[in-house]
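# Secondary and tertiary structure notes
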Amino acid sequence: MDWCRYRFRSDWNLPAEPGRVFDVLSRAEDYPRWWPQVREVTPADDDSGTARFRSLLPYDLHVSVRAQLRDPAGGVLEIRMAGDLEGWSRWTLRAGGRGTRVRYEQEVVVRKPLMRRLAVPCRPFFRANHALMMRAGRRGLETYLEAV
């Protein structure tokens, strides 16, 4: 087992129509407005930029991101990441109930040296940290969608 490799999946139900949710998720530079752990997003151009994340644990993660897929009709947004995390993440949106069913998937290898050294003993904490970040993201997005 590669202790530095992670696969995550989160499912969110949001009370807004899929097109509206897609539009908000398409604007990565606005993530810090509604997702507390996304501390900074700096676009380089229409398809790439950098981001800084920090959750409960006392470390920042810095990544370069590049859009891989932006499909409004299919409800899919996907990026590639390099830096402290290397891999991909994907949003998939579907109409569901009275709103949108959102699935977030991520597969990454941790490259940050400290996290690699602590990979075995701290893996449960890293996973819990990610879960807290995702819960705050869902809450923040729901509140943001209600406000705009």
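Reference entry: report on the structure contained in this document. Since the structure is predicted, the reported quantities are computational estimates derived from the model, not experimental observations.

The secondary structure content of the protein chain amounts to four helices and seven strands. When the helices and strands of the protein chain are read in sequence order from the N terminus, they spell out β-α-α-β-β-β-β-β-β-α-α. If one aligns the C-alpha atoms of the protein chain with their principal axes, the spans along those axes are about 45 × 30 × 25 Å. Taking all 148 residues of the protein chain together, the buried fraction comes to 44%.

This part takes up the sheet that holds strand 5 (residues 76–83). Ordered in space as 1-7-6-5-4-3-2, the seven strands form an open sheet in which the pairing is antiparallel. Each edge of the open sheet carries a strand with a single partner, namely strand 1 (5–14) and strand 2 (38–43). Going across the sheet, the axis of each strand differs from the next one's by a mean of 20°, ignoring polarity. Where strand 3 (residues 48–53) meets strand 4 (residues 61–71), six bridges bridge the pair, whose relative direction is antiparallel. Across the sheet, the residue bridging to Gly-49 is Val-65, located in strand 4. Of the strands in this sheet, strand 1, strand 2, strand 3 and strand 7 (99–110) are in contact with helix 4 (residues 119–147), which crosses strand 1 at around 25°.

The subject of this paragraph is a nonpolar patch on the surface. Among the surface-exposed residues, Met-1, Trp-3 and Val-120 lie close enough to one another that they form a single nonpolar patch of about 350 Å² accessible area. By secondary structure assignment, the location of Val-120 is in helix 4.

On to the packing of aromatic side chains, then. Tallied over the entire structure, the rule returns nine aromatic pairs. Seen in terms of ring centroids, Tyr-31 and Trp-34 are 4.9 Å apart; in terms of plane orientation they differ by 50°. Their pairing is tilted. Here Trp-34 and Tyr-31 lie together in helix 2 (residues 31–34), a separation of three residues that amounts to about one turn. Residue Tyr-31 shares its accessibility class with Trp-34, and that shared class is buried. With a centroid separation of 6.0 Å and 85° between ring planes, the pair formed by Tyr-59 and Phe-126 is classed as edge-to-face. Within this pair, whereas Tyr-59 is found in the loop between strand 3 and strand 4, its partner Phe-126 is found in helix 4, the two being separated by 67 residues in sequence. Assessed through its relative accessible area of 12%, Tyr-59 is described here as buried. Residue placement shows Arg-123 over the ring face of Tyr-6; its charged tip is 4.2 Å from the ring centre.

Attention now moves to helix 4. Compared with an ideal rise of 1.5 Å per residue, which puts 29 residues at 42 Å, helix 4 spans 39 Å between its outermost C-alpha atoms and is within 8% of the ideal. Its axis deflected by about 30° at Phe-125, helix 4 carries its strongest bend there.

In this section: the nonpolar core. Counting residues in hydrophobic clusters, the biggest one holds 39 residues, and the most contacted among them are Leu-25, Trp-35 and Trp-91. Leaving out residues up to four positions away in the same chain, Leu-25 has contacts with Tyr-31, Trp-34, Leu-77, Trp-91, Leu-93, Val-102 and Leu-141.

Turning our attention to the environment of Val-41. Within the fold, Val-41 resides in strand 2. Under the relative-accessibility criterion, Val-41 is labelled partly exposed at 21%. C-alpha separation for the pair Val-41 and Arg-111, spaced 70 residues apart in sequence, amounts to 19 Å. Excluding anything up to four places from it in sequence, Val-41 contacts Ala-28, Glu-29, Pro-32, Thr-50 and Ala-51.

Okay, the state of the cysteines next. Per the counting criterion, the structure on display carries zero disulfides. In this model Cys-4 remains outside any disulfide bridge; the closest cysteine sulfur is found in Cys-122, 11 Å from its own.

Criteria and thresholds
- Residues numbered from 1 in each chain as written.
- Predicted model: local features only at pLDDT ≥ 70, side-chain atom pairs only at ≥ 80, totals over all residues.
- Heavy atoms only, no water.
- Helix = DSSP H or I, 4+ residues; strand = E, 2+ residues; numbered from the N terminus.
- Buried < 20%, exposed > 50% of the residue type's maximum accessible area, 1.4 Å probe, protein only.
- Pairing = 2+ DSSP bridges.
- Axes fitted to C-alpha atoms, helices over the stretch in contact; angles between N-to-C directions.
- Contact = heavy atoms within 4.5 Å.
- Patch = residues over 30% accessible without salt bridge, like charges linked within 9 Å, V, L, I, M, F, W, Y side chains within 5 Å.
- Areas by Shrake-Rupley, 256 points an atom, 1.4 Å probe, with all protein chains shown as cover.
- Salt bridge = Lys/Arg side-chain N within 4 Å of Asp/Glu carboxyl O.
- Phe/Tyr/Trp six-rings, centres within 6.5 Å; stacked < 30°, edge-to-face > 60°.
- Lys NZ or Arg CZ within 6 Å of the ring centre and 35° of its normal.
- Expected span 1.5 Å × (residues − 1).
- Bend = angle between axes of the 7 residues up to and from the residue.
- Core = buried A, V, L, I, M, F, W, Y, C linked by side-chain atoms within 4.5 Å.
- Disulfide = S-S within 2.5 Å.

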